[in-house]
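Each chain, letter by letter, is given below.
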Amino acid sequence: MIIVMATNATEKEADNVRDEIRQRGLTAHDNYGTQRVVIAVLGDVAPVRDVLMGKLSVMPGVESVTPISRPYKLTSRESHPEDTVIEVLGTKVGNGNLTIMAGPCSIEGRDMMLETAQAVAASGATILRGGAFKPRTSPYAFQGLGIEGLKYLAEASKLTGLPTITEVMEPSQVDVVAEHSDILQVGTRNMQNYSLLTAVGKAGKPVMLKRGYGATIEEWLMAAEYIVSSGNPHVILCERGIRTFETYTRNTLDLTAVPLLHHLTHLPVIVDPSHATGKRWLVKPMALAAVAAGADGIMVEVHPNPDQARSDGEQSLTFDQFADMASALNQIHEMVKTLNKDPFTMPGQVKVGGTSKH
Ligand code: PEP
Ligand code: MN
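Please read all numbers here as calculations on a predicted model, not as lab measurements.

Rules used in this analysis
Residues numbered from 1 in each chain as written. Chains lettered and ligands numbered in written order. Predicted model: local features only at pLDDT ≥ 70, side-chain atom pairs only at ≥ 80, totals over all residues. Heavy atoms only, no water. Helix = DSSP H or I, 4+ residues; strand = E, 2+ residues; numbered from the N terminus. Rg over C-alpha atoms; globule rule 2.2 N^0.38 Å. Buried < 20%, exposed > 50% of the residue type's maximum accessible area, 1.4 Å probe, protein only. Areas by Shrake-Rupley, 256 points an atom, 1.4 Å probe, with all protein chains shown as cover. Lys, Arg positive; Asp, Glu negative; His and termini not counted. Charge placed at Lys NZ, Arg CZ, Asp CG, Glu CD. Near = heavy atom within 4 Å. Polar contact = N/O pair within 3.5 Å; in protein donor to acceptor, adjacent residues only side chain to side chain. Nonpolar A, V, L, I, M, F, W, Y, C, P; charged D, E, K, R; others polar. Pairing = 2+ DSSP bridges. Axes fitted to C-alpha atoms, helices over the stretch in contact; angles between N-to-C directions. Contact = heavy atoms within 4.5 Å. Domains from an automatic or database assignment. Buried area = accessible area lost by both parts, 1.4 Å probe. Salt bridge = Lys/Arg side-chain N within 4 Å of Asp/Glu carboxyl O. Donors = N, O, S within 2.8 Å, 3.2 Å for Na, K, Ca; no water. Parallel < 35°, antiparallel > 145°, perpendicular 65-115°, else oblique. Left-handed = near helix turned anticlockwise from the far one by under 90°.

## Remarks on the overall build of the protein
Counting its regular elements, the protein contains 11 helices and 14 strands. Against the compact-globule benchmark of 21 Å for 358 residues, the protein has a radius of gyration of 21 Å, which places it among compact chains. Projected onto its principal axes, the C-alpha coordinates of the protein cover approximately 65 × 40 × 35 Å. The proportion of buried residues among the 358 residues of the protein is 53%. About 15800 Å² of surface is accessible on the protein, with carbon and sulfur atoms providing 52% of the total. Across the protein, the centroid of the 33 positively charged side chains sits 3 Å from that of the 39 negatively charged ones.

## Regarding the site of ligand 1
Within the structure, ligand 1 sits among Arg129, Lys134, Glu167, Gln185, Gly187, Thr188, Arg189, Lys210, Arg240 and His275. Arg189 is positioned such that a nitrogen or oxygen atom in its side chain is 3.3 Å from an oxygen atom of ligand 1. The separation between an oxygen atom of ligand 1 and a polar side-chain atom of Arg240 is 2.6 Å. Alone, ligand 1 offers 300 Å² of accessible surface; in the complex the protein occludes 97% of this. For the shell around ligand 1, a count of residues per class yields no nonpolar, 4 polar and 6 charged.

## Quick word on the sheet that holds strand β9 (residues 164-167)
As summarised here, the arrangement of the 8 strands in space is β7-β8-β9-β10-β11-β12-β13-β14, forming a closed barrel in which the pairing is parallel. Neighbour-to-neighbour, the strand axes of this sheet turn through a mean angle of 25°, independent of strand direction. The strands that helix α7 (residues 217-229) touches are β11 (207-210) and β12 (235-239); relative to β12, the one it contacts most, it runs at about 155°. Relative to strand β7 (residues 99-103), helix α11 (residues 319-339) is tilted by about 170°, and along the sheet it contacts β7 and β14 (297-301).

## Thoughts on the domain arrangement of the protein
In terms of domains, the protein is made up of domain 1 (2-81) and domain 2 (86-336). Using C-alpha coordinates to define each centre, domain 1 is positioned 34 Å away from domain 2. Counting from both sides, the interface comprises 12 residues of domain 1 and, opposite them, 14 residues of domain 2. Counting the surface lost from both domain 1 and domain 2, the interface buries some 1200 Å², and carbon and sulfur atoms represent 59% of this. Across the contact surface, domain 1 and domain 2 share 0 salt bridges. At the boundary of domain 1 with domain 2, the tally comes to 8 residue pairs in polar contact (both at pLDDT 80 or more). Considering only residue class, the side of domain 1 that touches domain 2 consists of 5 nonpolar, 4 polar and 3 charged.

## Considerations on the coordination of the manganese ion (ligand 2)
Each protein donor to the manganese ion (ligand 2) is listed here as Cys105 (SG), His275 (NE2), Glu301 (OE) and Asp312 (OD); together their distances run 2.0 to 2.4 Å. Cys105 sits in the buried class, given a relative accessible area of 3%.

## Notes on the packing of α7 against helix α8 (residues 257-264)
As a packed pair, α7 and α8 sit with axes 12 Å apart at the nearest point and diverge in direction by 50°. It follows from the interaxial angle that α7 and α8 lie oblique. Considering the relative orientation of α7 and α8, their crossing is right-handed. Contacts between α7 and α8 involve Ile217, Trp220 and Leu221 from the former and Ala257, Leu260, Leu261 and Leu264 from the latter. Among the residues forming the contact of α7 with α8, the class breakdown is 7 nonpolar, no polar and no charged.

Next up, the structure:
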């Protein structure tokens with residue numbers, strides 16, 4: 001349930017509303033990023049919904065009380081109609097900006113990180129990526145440089161002026177990753193690691209939540225809800241492909257997720273065509289398609305010498321390929337601004353979950 005206070009409501013009137021909610025054992029959560037005071041009611045609202053709505057709607061200073069039909073409350077567009085825009089080191093994610101996150105799958109050393117950072121910064125990247133703590137399918141594969149890698153990433157940020165993003169795999173790593181990086185990434189394998197979600201929710205840095213490779217969009221938004229309800233409204237969603245019966249590609253890129261998410265949530269949406277396809281030559285067409293579908297940006301892997309990469313070389317772009325793709329993405333983005341606006345204002349409800357589809 002969402003309570004919108006009148007523009008001339010006093011702080012005392014808003015406090016009375018919060019007290020009324022808390023008296024019933026529920027949580028009153030202030031919605032950030034809106035023009036006026038908007039309070040969300042969190043908790044098990046169902047048993048008291050009607051009586052609480054009746055009570056709140058006649059309280060002084062209350063303009064409207066609306067139930068939220070979605071199970072994810074704070075992340076739903078119903079509760080927060082304006083797009084969330086996330087600002088890191090002067091770069092904005094969302095609100096019509098094209099975000100291009102680029103860098104190596106794994107940070108393999110200082111020289112390669114700095115060289116890659118300078119190359120991608122010179123040809124259009126807006127955020128630097130690089131993995132230091134790597135979730136590898138095999139325990140025998142390169143596991144990343146850990147804290148040493150984080151230091152190289154931070155140095156690359158200083159050198160280029162670009163903000164950074166890197167993965168955090170467990171709650172005990174959150175502090176050190178937040179100390180060295182501007183955005184924390186939660187990877188596909190950890191999308192439903194609830195203790196990690198709660199920990200990054202308290203980290204005070206924006207979080208990019210990748211879609212679990214077997215997760216529905218509703219499960220993904222519920223995972224985002226953990227982060228936001230823990231106190232962190234700065235969440236970016238990243239579609240990175242889901243597992244299907246298809247084996248030509250590493251995963252199947254679900255581009256429907258882009259307009260669907262813009263309809264369902266106010267959070268920015270990024271697409272990762274590298275992990276989605278697993279093949280270098282498929283990255284550019286899928287990145288262009290993602291931006292054409294309205295994505296707020298993309299994340300791609302780039303390596304000075306992909307054939308020698310210690311992880312994900314097959315899907316990593318060379319510097320030249322990245323430069324070519326970034327320029328094409330900017331052209332598509334310019335066009336799409338006028339062609340594909342406001343997908344979330346489509347009439348009618350989007351039905352998700354609960355349906356049997358085969
Ligand atoms: C990554 O971006 O480094 C990564 C491991 O991606 P994913 O979690 O999507 O597999
Ligand atoms: Mn990778």
